[in-house]
Amino acid sequence: MKIAIVCYPTFGGSGVVATELGIELSKRGHEIHFVTYKQPVRLEYLSSSIHYHEVLVPEYPLFHYQPYELALSSKLVKVVQNHKIDLLHVHYAIPHAYAGFMAQQMLKEQGISLPMMTTLHGTDITLVGSHSFYKPAVNFSINKSDIVTSVSESLKRDTLEKFDIQKEIEVVPNFINISDLKESFEDCKRHMVADEDEKVITHVSNLRPVKRLEDVIHIFNGIHQKLKAKLVIVGDGPDREKANKLIKKLNLKDKVIFLGKSNDVERILCYSDLFLLPSERESFGLAALEAMAHRTPIISTNAGGLPEVNLEGISGHLSKVGDVDHMIANGIKILSTPEILEKYKKGARETAEKFDVKHIVCRYEKLYAKMSSP
Ligand code: GMT
C-alpha cells in the first residue's frame, strides 16, 4: 500500500511512534510518504520505499500566525495526486486530523477517495485538544476520521469522556522493535557518569510541567540518602531552570548530570539501573517502555495509561501522583540487592517484549485493509 503519514517530526512520543511505524511498514513492503515540516528525527535515511515531503509555510506580513494546516492540506493533496497514495494516517489529532479532513474533501471533488486513520496520542486529547479554543474542531475531525485509534485503554476512556465521539475507538498500543535494540556497547561510557559502586538512575523527557521534574529530583534525593547513586537527565524543556535551582538547594550538583537532547538514549539506558517517570499525565509512557526493553525497572505514577505499561511489582512500581515518599521506598526496594534488581530487570524486559513491533504493527495493517475495502 502507499501510505501518507502525518506527524510532528521533532522530539516527542507521537513523532517517534509515527516514524518507527513508517519504517516498519516500509520493511513489510509498503511505500511510505512522511508529510511534515521537517524530516522526522528518527528517520535517518530515505529510500525508494520511504519518502519525505516538506510542508513549507512562507512568511507573509499579513499573517500574525502562519496557516500551517492550510499548507499541510494543500501539500497532502499534491502528494496524494503525484504518488497515488492509498490512505492517510495522521498522528496527533491537532491539527493533523483537521488538515487531513480538508485534504480528503478537496480530493473528493476530483473523484479521489482518501481514507484517513487518526491515532490519538495523549495531550491532543487530555490537555490541548479539550481546551475550548480547539474542542469543536478536534471533536469534528475525530468523528470525520474513517478509523480512530488510541495508544491505550486509558486514553480511549478519556476521549469518550471529554468528547462527543460517534465512532468506535480501537486501542493499538505503542511498540518497540526489540530485535533492533543495541543491547551492549563496547564504548559503554558508564564510567563517565558513575563510579563502579554507584547506581545509575535515569529520567528521559521533554522536561515539561506534566513530567513533574521536581519530583524526579526529590525521589532521587531520597534514594541517594540510602545508597550511592547518580541521576542522569536526558532531554530539554521549560522546567530545566527550576530543576537546576532545586538541585543546587539540595546540594546535589555533583550527583545530577543533564545530558540535554540526545539521540544516544539507547546507550544511556543500557547502563541504567532505574528509570523515573513520576508524570502527572501520561497516556502511554513510551519512554518507560524503551527503558524496560533495555532491562531497566520503572518507578512511575499510576496516571493514565502507565499501569498498562509498567506492571506493578513486575516491571517496577506505581504510586499516586506526587507521592514521592512511596516512590523513594519502592526505588530503594528495587535497588536493595543485586538479586532483587535482577528480578525487576527480567520483569521489565519480559513485559516490554509483549509490546514488540511484531505483535503490534500487524494490527495497524489489518485496520488499513479494513479502511481501504469499500
Ligand atoms: O508528552 C510527550 O512526551 C509528548 C507526547 C507526544 O504526543 O508527542 O506524548 C504523548 O504520546 C506518546 C506516544 O504515544 C505517549 O507515550 C505519551 O504518554 C503521551 N504523553 C502524554 O500523555 C503526556
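The coordinates are above.
As a starting point, this report considers the structure included with it. (Residues numbered from 1 in each chain as written. Predicted model: local features only at pLDDT ≥ 70, side-chain atom pairs only at ≥ 80, totals over all residues. Heavy atoms only, no water.)

This part covers the site of the ligand. The full set close to the ligand counts 18 residues, and H121, N174, R208, E282 and S283 are the nearest of them. One of the side-chain nitrogen or oxygen atoms of N174 is found 2.8 Å away from an oxygen atom of the ligand. Within the contact set of the ligand, an oxygen atom lies 2.8 Å away from a backbone nitrogen or oxygen of S283. Counting residues domain by domain, the shell around the ligand receives three or more from each of domain 1 (2–175 + 356–372) and domain 2 (179–353). (Near = heavy atom within 4 Å. Polar contact = N/O pair within 3.5 Å; in protein donor to acceptor, adjacent residues only side chain to side chain. Domains from an automatic or database assignment.)

This next bit is on the side chain of H33. You can see H33 is positioned in strand 2 (residues 31–36). At a separation of 2.7 Å, a polar atom in the side chain of H33 contacts the side chain of E31. Sequence-distant contacts of H33, that is, excluding residues within four places in its chain, are made with I3, A4, I5, H51, H53, V79, H83 and I85. (Helix = DSSP H or I, 4+ residues; strand = E, 2+ residues; numbered from the N terminus. Contact = heavy atoms within 4.5 Å.)

Take the nonpolar core next. Membership of the largest hydrophobic core comes to 67 residues, with the highest contact counts inside it found for F34, L289 and Y368. Three or more residues apiece are contributed to this core by two domains, here domain 1 (2–175 + 356–372) and domain 2 (179–353). The contact partners of Y368, leaving out residues within four places of it in the chain, are M1, I3, L21, L25, L87, H89 and M117. Grouped together as the second largest cluster of nonpolar side chains are 28 residues, L213, I233, L274 and Y344 included. (Core = buried A, V, L, I, M, F, W, Y, C linked by side-chain atoms within 4.5 Å. Buried < 20%, exposed > 50% of the residue type's maximum accessible area, 1.4 Å probe, protein only.)

Inspection of every chain in the model, using the stated rule, returns 19 salt bridges. When the shortest N-O distance is used, the salt bridge between D264 and R267 registers 2.9 Å. By relative accessible area, R267 is classed as buried at 12%. Between R349 and E353 there is a salt bridge, and its shortest N-O distance comes to 2.9 Å. Highlighted residues: R349 and E353, both in helix 14 (residues 338–353), separated by 4 residues, approximately one helical turn. Look at R349 and you get buried, because its relative accessible area is 14%. Among the charged side chains, a salt-bridge network with shared partners connects E24, K27, R28, D180 and E365. (Salt bridge = Lys/Arg side-chain N within 4 Å of Asp/Glu carboxyl O.)

Counting across every chain of the model gives 6 aromatic pairs. Geometrically, the ring pair formed by Y37 and Y68 is edge-to-face, given 5.7 Å between the ring centres and 85° between the ring planes. Taken as a pair, Y37 in the loop between strand 2 and strand 3 (50–54) and Y68 in helix 2 (residues 68–83) lie far apart in primary sequence, 31 residues in all. Given the relative accessible area of 31%, Y37 is considered partly exposed. Across from the ring centre of F163, 5.7 Å away, lies the NZ or CZ of K135, which sits over that ring. (Phe/Tyr/Trp six-rings, centres within 6.5 Å; stacked < 30°, edge-to-face > 60°. Lys NZ or Arg CZ within 6 Å of the ring centre and 35° of its normal.)

By themselves these figures say nothing about function.
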